[in-house]
Structures are given as structure tokens and as C-alpha cells.
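# Inside the fold
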Amino acid sequence: MKHQLTVYNSLTRKKELFVPLHSPFVGMYVCGPTVYGDPHLGHARSAITFDLVFRHLSHLGYKVRYVRNITDVGHLENDADEGEDKIAKKARLEQIEPMEVVQYYNNRYHHFMEKLLVLPPSIEPLASGHIIEQIQLIEKILEAGYAYESNGSVYFDIQKYNENYPYGKLSGRVLDDLLSFTRELDGQQEKRNNFDFALWKKASPEHLMHWPSKWSEGFPGWHLECSAMSSKYLGEEFDIHGGGMDLLFPHHECEIAQTVAASGKESVRYWLHNNMITVNGQKMGKSLGNFITLEEFFTGNHKSLEKAYSPMAIRFFILQAHYRSTLDFSNEALQASEKGLQRLFAAIKTLSQLKATGTSGEYVANLRVKCYEAINDDLNSPILIAHLFDGVRLINAVNDGHESISPEELENLQNLYKTFVGEVLGLQDETASETDVQLIDGLVNMVLEMRIEAKNRKDFAASDQIRNRLLQLGIEVKDRKDGFDWSKK
RNA sequence: GGUCGGUUGGCCGAGUGGCUAGGCAGCGGUCUGCAAAACCGUUUACGGCGGUUCGAAUCCGCCAUCGACCUCCA
């Protein structure tokens, strides 16, 4: 491809040149949401981060197969007595089918992602639709000798694995350290070691989501679906695996162990992790209860929010920070982003109407180089945006007549903003159309009110002129006893 | 307790050795009948101490402090 993209690989803790296994094809797997709750700002960050990766790789010319799963089988909860499935628990609470809960939140997730202009992935597999694949994977791991059955459940044998492979290499953990600091969890008495994790869990009688297997009527373990589905759709070895930093351990560590145990080799080339959104310096998360849902942001209906924020403001806010940094939420910060975005969009509108005047130097070409350098440097969107704001100053200067630009450079500049703002960053000025509608409504009503006044003066020449002129513009006026109706033809 | 990562100006947020990121706010100005908007210009910084260096926000050491993960979590 034409550019040198580097990405920070969590596995090596270094920025590495991105070289796909089978260029121009790229395989990317990202951990999607567990659909038992409304999506919040943290979900948006992960989705937008990997949307940026997806968009940029596509822009560079790669053909990307982007797989993002939906976790609908549910994970174990530590506060439950007998290892209760999250989705099942919620379903009992609401007295509806588990899959109904799944469907509802899945729809909600898609709805809000669309608002944020997050492109849909190429494949979006459901864990519940891949039980057979997961069972097959368990069998492989059992055959390889890295798992054992116990009372209808199957556990991964970490000690055995660690004899042959380095467990903890992704998260920098050492097995001995883990041994010294583990907590009491469900099913501990069934395990050989309390840090072993479940591949298959026998369902308790009150458990609603369960499937048959040779071991028991039960459900697959926490980490299995990603291993099973990534290899199914991307092959035994693929380029990128992404997710939130909080998934690094144990989730992704266990994924590596499962895959290596089953196939003898690692599948992922580049591990990418986005950092967390914080509130007052603390992680925004489900367990802390300090999260704000996307719906709440869009409506402003939350005690911590001073106003509603548009999807694009949220997206821009997230893109103004580098994906590997924590990003602290506050109304002040969000409003700053909102205003900055308005300024950027205003300049783009100016740019579209700009007149070329004479000559200009190398400015645009240099700007283009800088923009590519920024985004190719581990997806540094804040630097890219900073460069785009530098360009805003040029656009305004030309518009004010302080600078000149040649026709060719103008076209290049217009393409530059179209490429980086629209295609790569995925930002669109959607408020324009809505504003325009309101504007038209207001204008037409104002004119028609003036027409009523003309009629009241019996100035029918003026009132007919207004009606005819509006008709020419495609607006049909219908008089009523108490006023008027109008509609667009 | 272990592993990892932060600490940048009023706020957010970039930046791995010299070339003062950027946005918002503030301040000054242009424009305007007034106002607003818009545009232009612009001040304030690198947690503390010590070290390496001609030169450090940037490298090293110590200390302080905050956080993430170690349990479901984007």
C-alpha cells in the first residue's frame, strides 16, 4: 500500500509497522458489546476507535474483513450464588425471554452506532449462534490435554499450559503472582487451581440459557466465543484483534491460551486496545455505576449533563483524544469539542464556496503530508485534527482576501477535507439539513403571515403575488378560515 | 501485594532531546446603526528533587500522587 502505517501492539508494547499477512486483505476482529444493557460512552469509544482503524485501512486501499461479535450468551457474575448467566438474570427480572432482551439491546446498540456514524462491521456473529464451534474448540483443547472435565463442567488447565507456553505474556503477568492473589469465585471446588477458567459450565436448574453437550446441559465459558468465531471467519492466523483495555486480562490472555492450546500457535498479529473514558478521573463502567448512556447524551436527560450533545459532538470529542489515552468526561470538555467541531464544519462550508484567486505555494501539499503522517502514526487522530484546524486558518484567510489560492490547490484542499474529515474521521455535518428544514418552515410561515396582513388590507395583488411566487418555488398554499396550510409539492 | 500506565497552562488534550501542537475559555482587535455571530491576533505549562547533556516536558534515578487490571466490564 502507499503509506507506512504503524500501530501500537499491546503484545510487544511497541509501535510496529503494519504489514498484513495477505495484503491487500486485512482481517480484524474486535470484541463487541454484551447486549444486556444500553450502550454508554465507553462502548462508543471502542466502536469509534476501531471504526477509525477500519475506515483508515479501507482508505489506504486494503480490503478489510471486520468482524465484531455480539456477546449474547452472557458471562458469569461474581455476586450470584451459583454462577448465574447475566442475560438470564435480567430476563427473569423482566419476565421476558432472554433472546428478547438480547434482541432489544442489540437493536439499541445498532441504532446508536448508526447515529455515531460507526460503519457496520463486515460480519457480526452472535455467540449463541456458534455453540457448535465453541464445543468443537473445547474438544480440541481437551484432546491436546490442556483442559479437564469436572462435574459436568470443563476447565482450562493453566498450570499445564504454562509448562509449555508463557501464560500471561500479553498482560505481563506471571503465574506465581496470580497464585498469590486470587479471589474466591464460583466453582472453585471443581477446579484443580482456582485460576483455571471455565470452557464449559454446567447450567444450574434455574438457568435459562443452556445447550446440550457431551459434558452437561450448560453453556460455553466466558472467553471461548472470540477464539471460536475469529478463527471461523478470519482463519487460524489474522492481522488485528481489538478491544477495550479492560479486556486485556483475563479475557484476551485466555483467548491466546485457548487458541494456542487448540492449534499450537498464536492467531493474532497485532493486539490493539483502546483506553477508558473516565469521570472525575475514574473509569466509566458498569460496575461503578457511573456510566452515562448514549441515549442520555443525545437527549441531555441525565443529572450530570448540562445539555444534550449531538452524536457528532460525541464522536469528535472521542477523536480529539488519542485512543490509547484515558479521556476524561466533563460538560466543559464536551462543549469545547462541540464548538470546535462547529468551527471546523463552518470552514468546510466556506471551503466549498471558496473562489480560487491567483497562485499559492506548497501549503496544501505540505498539509496533506502532515495529515497522513499523523493518522499513520498509530492512528493519531488528535494530531490530524490539529492539522485540519491549521488548514481552517488558511481557508478563512483566503475567504477574507488575506491569502490567495490557485484553482488546483483549492481543489486539492477540498479533496483533503473530504478525505480526512468525511472518510477517515467519519464526521458529517448532519445538523445542516435539520437546520435547513427549520429555516424553511420559519421563512414560509413568515411570508404567509405577511400575506395574511396584505389580505386584511385587501391588498390582493400583493397576496396573490406571494402565493404565485411560492408556487413557483414548489410551495402550495391553501387558505383556511382561520389561517393557512402549506405543503411542498 | 503484583503488573501496567498517567501527572502538561483556567478546562480538554498532543508532544520521546533544541524548531513555542490543536480545541475551548480569557484578553485585545476587525467588522457592524446596536447587539450577536464570524474572522484575526494573543498571555499563562510541563508533580517534586537529583542526575546525564552544550541543551530535557521529552532520557535515567528517587520521592509524591492518581488511576487501570488482577472479578463481569468498551
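Here is what the cut-offs are and how they apply
Residues numbered from 1 in each chain as written. Chains lettered and ligands numbered in written order. Predicted model: local features only at pLDDT ≥ 70, side-chain atom pairs only at ≥ 80, totals over all residues. Heavy atoms only, no water. Helix = DSSP H or I, 4+ residues; strand = E, 2+ residues; numbered from the N terminus. Buried < 20%, exposed > 50% of the residue type's maximum accessible area, 1.4 Å probe, protein only. Contact = heavy atoms within 4.5 Å. Areas by Shrake-Rupley, 256 points an atom, 1.4 Å probe, with all protein chains shown as cover. Lys, Arg positive; Asp, Glu negative; His and termini not counted. Charge placed at Lys NZ, Arg CZ, Asp CG, Glu CD. Pairing = 2+ DSSP bridges. Expected span 1.5 Å × (residues − 1). Arc of directions from axis to C-beta. Salt bridge = Lys/Arg side-chain N within 4 Å of Asp/Glu carboxyl O. Axes fitted to C-alpha atoms, helices over the stretch in contact; angles between N-to-C directions. Right-handed = clockwise from strand over helix to strand, strands pointing away. Core = buried A, V, L, I, M, F, W, Y, C linked by side-chain atoms within 4.5 Å. Domains from an automatic or database assignment. pLDDT = per-residue confidence, 0-100. Phe/Tyr/Trp six-rings, centres within 6.5 Å; stacked < 30°, edge-to-face > 60°.

### Re the overall build of chain A
A tally of helices and strands in chain A yields 16 helices and 15 strands. Projecting the C-alpha coordinates of chain A onto the three principal axes gives extents of approximately 95 × 60 × 40 Å. Out of the 489 residues in chain A, the part that is buried amounts to 52%. Across chain A, the fraction of contacts at a sequence separation of at least 24, relative to all contacts at a separation of at least 6, is 75%. Accessible surface for chain A amounts to roughly 23400 Å². Of this, 49% is attributable to carbon and sulfur atoms. For chain A, the separation between the mean place of its 53 positive charges and that of its 67 negative charges on side chains is 5 Å.

### Considering the sheet that holds strand 12 (residues 282-283)
To summarise the sheet geometry, strands pair through backbone hydrogen bonds and adopt either a parallel or an antiparallel arrangement. Read from one edge of the open sheet, three strands run 12-11-13, paired in mixed fashion. Edge strands, defined here as strands with exactly one partner in the open sheet, are strand 12 and strand 13 (327-329). Here three bridges tie strand 11 (residues 277-279) to strand 13, and the two strands are oriented parallel to one another. The residue bridging Val-279 from the neighbouring strand is Phe-329, located in strand 13.

### Observations concerning helix 16 (residues 460-472)
Between its first and last C-alpha, helix 16 extends 18 Å over 13 residues, near the 18 Å set by a 1.5 Å rise per residue. Regarding helix 16, the residues found buried are Ala-462, Ser-463, Ile-466 and Leu-470. What you see down the axis of helix 16 is that its buried residues fit within an arc of 100 degrees, all on one side. For helix 16, the exposed residues lying more than 90 degrees away from the buried face are Ala-461 and Gln-472. A positive phi of about 90 degrees marks Gly-474, the residue just after helix 16.

### Observations concerning the pattern of salt bridges
Counted according to the given criterion, the structure contains 17 salt bridges. Among the ionic pairs, Arg-315 bridges to Asp-51, the shortest N-O distance being 2.8 Å. Of this pair, Arg-315 sits in helix 10 (residues 311-319) while Asp-51 sits in helix 1 (residues 41-60); the two residues are 264 residues apart in sequence, bridging distant segments of the chain. Per residue, the accessibility class of Arg-315 equals that of Asp-51, and both read buried. Of the charged contacts in the structure, one is a salt bridge between Lys-283 and Asp-246, with a shortest N-O distance of 3.6 Å. With Lys-283 in strand 12 and Asp-246 in the loop between strand 9 (238-244) and helix 8 (248-263), this residue pair connects regions lying 37 residues apart in the sequence.

### Looking at unusual backbone geometry
Ser-23 connects to Pro-24 through a cis peptide bond whose omega is 10 degrees. Along the chain, Pro-24 turns up in the loop between strand 2 (14-17) and strand 3 (25-30). Backbone torsion omega between Phe-249 and Pro-250 reads 0 degrees, so that peptide bond is classified as cis. Mapped onto the fold, Pro-250 is located in helix 8. With a phi angle near 55 degrees, Arg-13 is a residue other than glycine that sits in the positive phi range. Of note, Arg-13 is situated in the loop between strand 1 (6-9) and strand 2. For Leu-379, which is not glycine, the phi torsion reads 55 degrees and is therefore positive.

### Considering the sheet that holds strand 5 (residues 147-150)
If you walk across this open sheet you meet the four strands as 5-6-7-8, and the pairing is antiparallel. Looking at strand neighbours, the two that pair on one side only are strand 5 and strand 8 (218-220), the edges of this open sheet. Each strand of the sheet is rotated relative to its neighbour by a mean of 20 degrees, with strand direction disregarded. Sheet topology places strand 7 (residues 198-202) next to strand 8; three bridges connect them, and they run antiparallel. Bridge assignment links Lys-201 to a residue of strand 8, and that residue is Phe-219.

### Some thoughts on the pairing of strand 10 (residues 268-274)
It is a general feature of regular strands that their side chains alternate between the two faces of the sheet. With respect to burial, strand 10 is a largely interior element, six of its seven residues being buried. Pairing geometry for strand 9 and strand 10, over six bridges, is parallel. Its bridge partner lying in strand 10, Gly-242 is registered against Leu-272. Handedness of the crossover joining strand 9 and strand 10 through helix 8: right-handed.

### Some points on the nonpolar core
A general trend in soluble globular proteins is that nonpolar side chains are found buried together. Judged by nonpolar contacts, the single largest core of 79 residues is most densely connected at Phe-297, Leu-413 and Tyr-417. When residues in this core are grouped by element, the largest group, 10 residues, is from helix 1. In terms of domain composition, this core takes at least three residues from each of domain 1 (6-274) and domain 2 (279-424). Beyond its immediate sequence surroundings of up to four residues, Phe-297 is in contact with Leu-41, Ile-292, Leu-305, Ala-308, Tyr-309, Ile-314, Phe-329 and Leu-334. Of all hydrophobic cores here, the second largest spans 45 residues; its members include Ile-135, Met-209, Leu-234 and Ile-256.

### Quick look at the environment of His-223
One can find His-223 in the loop between strand 8 and helix 7 (224-234). Apart from residues lying up to four places away in sequence, His-223 is in contact with Phe-197, Pro-250, His-251, Cys-254, Glu-255 and Gln-258.

### Focus on the confidence of the model for chain A
Averaged over all residues, the pLDDT of chain A equals 88, while 91% of them reach at least 70. Per-element confidence in chain A ranges from a low mean pLDDT of 66 for helix 2 (residues 86-94) to a high of 98 for strand 4 (residues 63-68). Contacts of residues 75-83 to residues separated by more than four positions or lying in other chains number 23 contacts, the stretch itself having pLDDT below 50. If you check the scores for this complex, the pTM reads 0.88 and the ipTM reads 0.94.

### Focus: the packing of aromatic side chains
Under the definition given, this model contains 17 aromatic pairs. With 6.1 Å between their ring centres and 35 degrees between their planes, Tyr-148 and Tyr-155 make a pair best called tilted. Judged by relative accessible area, Tyr-148 falls into the buried class, the value being 5%. Seen from their ring centres, Tyr-372 and Phe-420 are 4.9 Å apart, and the 70 degrees between their planes marks the pair as edge-to-face. In this pair, Tyr-372 sits in helix 12 (residues 363-376) while Phe-420 sits in helix 14 (residues 407-424), placing the two residues 48 residues apart along the sequence. The exposure class assigned to Tyr-372 is buried, which follows from its relative accessible area of 10%. Judged by relative accessible area, Phe-420 falls into the buried class, the value being 0%. Site record: aromatic cluster; members linked through ring pairs are Tyr-146, Phe-156, Tyr-161, Tyr-165, Tyr-167 and Phe-197.

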